[in-house]
Amino acid sequence: MLADYESAPIDERLRETLRFLEVLTLEPEHIDASRALAAGVSRAALRDAAYVAAAFNIITRFADALGAKPHSEAGLTREEAIAHEGRFFELGYA
């Protein structure tokens, strides 16, 4: 599904929601919810999907502004990344 949601074996409502989000993200001037609505996606579900997409966009921009990198780009192994995150579980963010 991550490679190609258009041909993935998923529910048509999810496919149309993903299409809606793709247009919202890449071409907001062309946004049209009619296909998603016709597929049975509710306005509330589209609104919720847009809110989640906006939240991830903000988080990504914030991380980029701080220069944060994924653990894999920082050269950490899976085990090192898990150990690093365990510190937050035990000690918190302070």
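What counts, and where the lines are drawn
Residues numbered from 1 in each chain as written. Predicted model: local features only at pLDDT ≥ 70, side-chain atom pairs only at ≥ 80, totals over all residues. Heavy atoms only, no water. Salt bridge = Lys/Arg side-chain N within 4 Å of Asp/Glu carboxyl O. Buried < 20%, exposed > 50% of the residue type's maximum accessible area, 1.4 Å probe, protein only. Helix = DSSP H or I, 4+ residues; strand = E, 2+ residues; numbered from the N terminus. Axes fitted to C-alpha atoms, helices over the stretch in contact; angles between N-to-C directions. Parallel < 35°, antiparallel > 145°, perpendicular 65-115°, else oblique. Left-handed = near helix turned anticlockwise from the far one by under 90°. Contact = heavy atoms within 4.5 Å. Nonpolar A, V, L, I, M, F, W, Y, C, P; charged D, E, K, R; others polar. Expected span 1.5 Å × (residues − 1). Core = buried A, V, L, I, M, F, W, Y, C linked by side-chain atoms within 4.5 Å. pLDDT = per-residue confidence, 0-100.

*Asks:* Help me understand the pattern of salt bridges in this model?
*Replies:* Counted by the stated rule, this structure contains five salt bridges. A salt bridge links Asp11 to Arg13; the nearest nitrogen and oxygen atoms lie 2.8 Å apart. Since its relative accessible area comes to 40%, Asp11 is described here as partly exposed. For Arg35, the salt bridge identified is with Glu16, shortest N-O distance 3.5 Å. Of this pair, Arg35 sits in helix 2 (residues 34–38) while Glu16 is found in helix 1 (residues 12–26), placing the two residues 19 residues apart along the sequence. For Glu16, a relative accessible area of 6% gives the class buried. Salt bridges sharing partners connect three or more residues here, namely Glu6, Glu16, Arg19 and Arg35.

*Asks:* Looking at this structure, I do not really get the packing of helix 1 against helix 3 (residues 43–66). What am I missing?
*Replies:* Running from N to C, helix 1 and helix 3 point in directions that differ by 50°, and their axes come no closer than 10 Å. As the angle between them shows, helix 1 and helix 3 are arranged oblique. Here helix 1 runs over helix 3; the crossing is right-handed. Residues Thr17, Phe20, Leu21 and Leu24 of helix 1 form the contact with helix 3, whose own contacting residues are Leu46, Ala49, Ala50 and Ala53. Tallied by class, residues from the contact of helix 1 with helix 3 come to seven nonpolar, one polar and no charged.

*Asks:* Is there a simple way to think about helix 1 in this case?
*Replies:* Along an α-helix, a turn takes 3.6 residues, which lines up residues three or four apart on a common side. End to end, helix 1 covers 21 Å across 15 residues, agreeing with the expected 21 Å (1.5 Å per residue, within 8%). In this structure, the buried side of helix 1 is in contact with helix 2 and helix 3.

*Asks:* I'm lost on the nonpolar core in this one. Help?
*Replies:* Side chains that are nonpolar tend, in soluble globular proteins, to be buried together. Among the nonpolar cores identified, the biggest contains six residues, and these are Phe20, Leu21, Ala36, Val41, Leu46 and Ala49. Breaking this core down by element, the ones donating at least two residues are helix 1 and helix 3. Phe20 has contacts with Ile31, Asp32, Ala33 and Leu46, leaving out every residue within four places of it along the chain.

*Asks:* What is the right way to look at the confidence of the model for the protein in this model?
*Replies:* Do not read the predicted coordinates in detail wherever pLDDT is low. In the predicted model, the protein carries a mean pLDDT of 90, and the fraction of residues at 70 or more is 96%. Confidence, read as mean pLDDT per element, is least for helix 4 (residues 78–91) in the protein (78) and greatest for helix 2 (97).

*Asks:* Whenever I open this one, the side chain of Arg19 confuses me. Can you help?
*Replies:* Within the element layout of this structure, Arg19 appears in helix 1. Apart from residues lying up to four places away in sequence, Arg19 is in contact with Tyr5, Glu6 and Arg35.

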